[in-house]
Amino acid sequence: MRVSRRQTARCRAAALFLGACIASSGCVYYNGIYNAKAAARQGDALLRGANDGEASVQFQLSAARAETVLVRYPKSQWRTRALYLAGRGAAFSGQCERALTQLRLFLDVSGTPADDRDRARVALATCEFRTNRIAVARLRLDSLVDAPNPETARQARLWSARAAMAVGDRDAVPQYLRDLDAGTLQWELIGASVAANEYARAESLLTAQAEASVYRDEAGRYLRDLWLSGRQAQVETIVSRFDRSRVREEQRASLYFAVGDLNLRAGRDSVARLQLALAAQRAGRDSVVFREATARLTALRIMTLASLRQLDSVVATQDSVVRATPFFQRVQEQLLFVSLLAGKVDPTGASLYLAAEVARDSLRSSPLAEVLFLRVAREVFGSPLAAQALFAAGLIRSDSAAIWNERIRADYPNSAIAAYLRGEDPANRADFISSPELLRFSWTEGARTWADSVRRLRGRARSSVAPIRK
């Protein structure tokens, strides 16, 4: 391909300009200031969108680029501008030790643009806030809430509101916010209200976010805090509000999962089942929420089964990604413990009795626990644990308690349980001492076998994971 004389001349001129630029401080602007300004503009745009996290990355980049000018060209005509960009970038990226020095040096320079000075003062106040000089920061920010530049005024009002929250003056926050669309700060206010046990305020703010179709990942955490403080009905109302809003399906799924999991832990199985089903329905099949919700729904199904074979079948039919969730792995390990205890040859019946207890307390499968307790009485009739097993079965299903208690009185009249049912002191009965000893010994042996099995299973699971290609 032939190159024209004009193209050759342009290339030569560009090369000469570049050489001159590199050789002189006249190109400081192009080497550092220009790029620092570009990153700062992106950071400001992200701040306007209440995306503080990504804004911090851009401001850190802006500070680094401006600092190269301060280091390489300390006497350049661009030094003051570099101080401004480096200090403001450091402040908004949380590097306050450097920011405080650079911003004060900038503000000591006379004749700089008023708008730049206002923005630098806001940045300085953010670092005063972060270094616990909250009163000083709030005073400085209050002087800037009506700054001529609308974005400077907006940032001053946001940080003034944060300062007010930090000292517990939450009533002042609405005055600072006024008509601002201060998304990040609203969530901070919700968190501060929850932390201060001001639950009604937090619920009102969360409801407002739901009505505005504004969702953040913090919502699930705040709802859990409210739920654990005894505000279950209010939490479920807020989740319903979010469900009727325009937030994305996966966000609705996250909230239903969070509350469903809490209800599951509290033993409110019917409510948990409904909420977890909604979570699985609204989440994408490849999502973490879908897998975790499905794992818990499977656990709820296991709670209704009365046969180890049925439980094993349900586990085997689950997708491998569901079985790999930490929650479901715990369920599988608990099921393994029940199976090991129930399958052990033990003439005392202690291992079978313990299998029933684990099924009842860990798997929360009352039907299986009842079957296993009754097996103790049926298969090891002469065991000191037989009467105790019948009594435990009666506690699971109250409508059969009278039948089993009558059988205890008839078949095991000398047992501690029979004495207890007659209103006598059970402590002088032989099985009152022997039964706990039998259970303690069988538990120690069973737990050791189970722990070894779990270690082997976990090692096998880790080795089955394909290595990541570099």
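Now for a look at the structure at hand. Quick caveat: nothing in here was measured; it's all calculated off a predicted structure.

For the rest of this paragraph, the subject is helix α4 (residues 79-92). A turn of α-helix holds 3.6 residues, and therefore any two residues three or four places apart point the same way. Between its terminal C-alpha atoms α4 stretches 20 Å, which fits the 20 Å expected from 14 residues at 1.5 Å a residue. Burial of α4 is extensive: eleven of the 14 residues sit out of reach of the surface. Taken as a whole, α4 has its buried residues at Ala82, Leu83, Tyr84, Leu85, Ala86, Gly87, Arg88, Gly89, Ala90, Ala91 and Phe92. Just beyond α4, the residue with positive phi is glycine 94, at close to 80 degrees.

A complete count under the given rule lists 34 salt bridges for this structure. Between aspartate 44 and arginine 119 there is a salt bridge, with the nearest N and O atoms lying 2.8 Å from each other. Remark: arginine 119 occurs in helix α6 (residues 114-130) and aspartate 44 occurs in helix α2 (residues 28-48); sequence separation between them is 75 residues. The class of aspartate 44 is buried, set by a relative accessible area of 10%. Arginine 119 gets classed as buried once you look at its relative accessible area, which sits at 19%. Residue glutamate 67 is joined to arginine 98 by a salt bridge in which the shortest nitrogen-to-oxygen separation is 2.9 Å. In this pair, glutamate 67 is assigned in helix α3 (residues 52-72) and arginine 98 in helix α5 (residues 96-107), connecting sequence segments 31 residues apart. Given the relative accessible area of 17%, glutamate 67 is considered buried. The structure contains a network of salt bridges with shared partners spanning Asp243, Glu249, Arg252 and Arg282.

Turning next to the environment of alanine 161. Positionally, alanine 161 belongs in helix α8 (residues 150-166). Judged by relative accessible area, alanine 161 falls into the buried class, the value being 0%.

Those residues of helix α12 (residues 218-228) lying buried are Ala219, Gly220, Tyr222, Leu223, Leu226 and Trp227. The buried side chains of α12 occupy one side of the element, clustering within an arc of 165 degrees when seen end-on. Positive phi shows up at glycine 230, right after α12, with a value of about 95 degrees.

Criteria and thresholds
Residues numbered from 1 in each chain as written. Predicted model: local features only at pLDDT ≥ 70, side-chain atom pairs only at ≥ 80, totals over all residues. Heavy atoms only, no water. Helix = DSSP H or I, 4+ residues; strand = E, 2+ residues; numbered from the N terminus. Expected span 1.5 Å × (residues − 1). Buried < 20%, exposed > 50% of the residue type's maximum accessible area, 1.4 Å probe, protein only. Salt bridge = Lys/Arg side-chain N within 4 Å of Asp/Glu carboxyl O. Arc of directions from axis to C-beta.

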